[in-house]
Amino acid sequence: MIATCPACSWSCTAAVSSHGSVSYVRCVCGLFLVVERGVVTATAGTSTFAPIHHGCGDLASVPDREPS
């Protein structure tokens, strides 16, 4: 297992791309994960299984909007 998706909790096992200690993984729910040394450090895109709600930062006032 490379990482567990924070949106759907699926175990992601294969990297789309790797550069040194950083791997880019696509989950079955559609979310892209950026994994560094086994830790999910960022996500990109949207999940079809579970929305990601932002609790702080610029997007906190727009609950269902994902960064573009």
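Check the entry above for the structure.
Note that this is a predicted model, so its numbers are computed, not measured.

Q: How should I be thinking about the nonpolar core in this particular structure?
A: Side chains of a nonpolar character, in soluble globular proteins, are inclined to be buried together. Within the largest apolar cluster, ten residues are counted, these being Ala-3, Cys-5, Ala-7, Cys-12, Val-25, Cys-27, Cys-29, Leu-31, Leu-33 and Val-35. Leave out the neighbours within four places in its chain, and Val-35 touches Ile-2, Ala-3, Ser-21, Val-22, Ser-23, Val-25 and Val-40.

Q: Explanation requested: unusual backbone geometry in the structure shown.
A: For residues that are not glycine, phi is negative in most cases, and the peptide bond is trans in most cases. With a phi angle near 65°, Ser-9 is a residue other than glycine that sits in the positive phi range. Judged by relative accessible area, Ser-9 falls into the exposed class, the value being 53%.

Q: What should I look at first to understand the pairing of strand β6 (residues 39-44) in this one?
A: Along a regular strand, successive side chains alternate from one face of the sheet to the other. Judged from the five bridges that link them, strand β5 (residues 32-36) and β6 form a sheet pairing that is antiparallel. Bridge pairing in β6 places Leu-33 opposite Thr-43. Counted along the chain from β5 to the antiparallel partner β6, the turn is two residues long, and its residue Arg-37 has a positive phi close to 50°.

Q: Looking at this model, I keep getting lost on the sheet that holds β5. Mind explaining?
A: Hydrogen bonds between backbone atoms are what pair the strands of a sheet, whose relative direction is either parallel or antiparallel. Across the sheet, four strands lie side by side as β3-β4-β5-β6; this open sheet has antiparallel pairing. For this open sheet the edge positions go to β3 (15-19) and β6, each flanked by a neighbour on one side alone. Going from strand to strand, the sheet's axes swing by 20° on average, the running direction of each strand aside. Alignment of strand β4 (residues 22-26) against β5, held across five bridges, turns out to be antiparallel. Bridged to Arg-26 within β5 is Phe-32.

Analysis parameters
- Residues numbered from 1 in each chain as written.
- Predicted model: local features only at pLDDT ≥ 70, side-chain atom pairs only at ≥ 80, totals over all residues.
- Heavy atoms only, no water.
- Core = buried A, V, L, I, M, F, W, Y, C linked by side-chain atoms within 4.5 Å.
- Buried < 20%, exposed > 50% of the residue type's maximum accessible area, 1.4 Å probe, protein only.
- Contact = heavy atoms within 4.5 Å.
- Pairing = 2+ DSSP bridges.
- Helix = DSSP H or I, 4+ residues; strand = E, 2+ residues; numbered from the N terminus.
- Axes fitted to C-alpha atoms, helices over the stretch in contact; angles between N-to-C directions.

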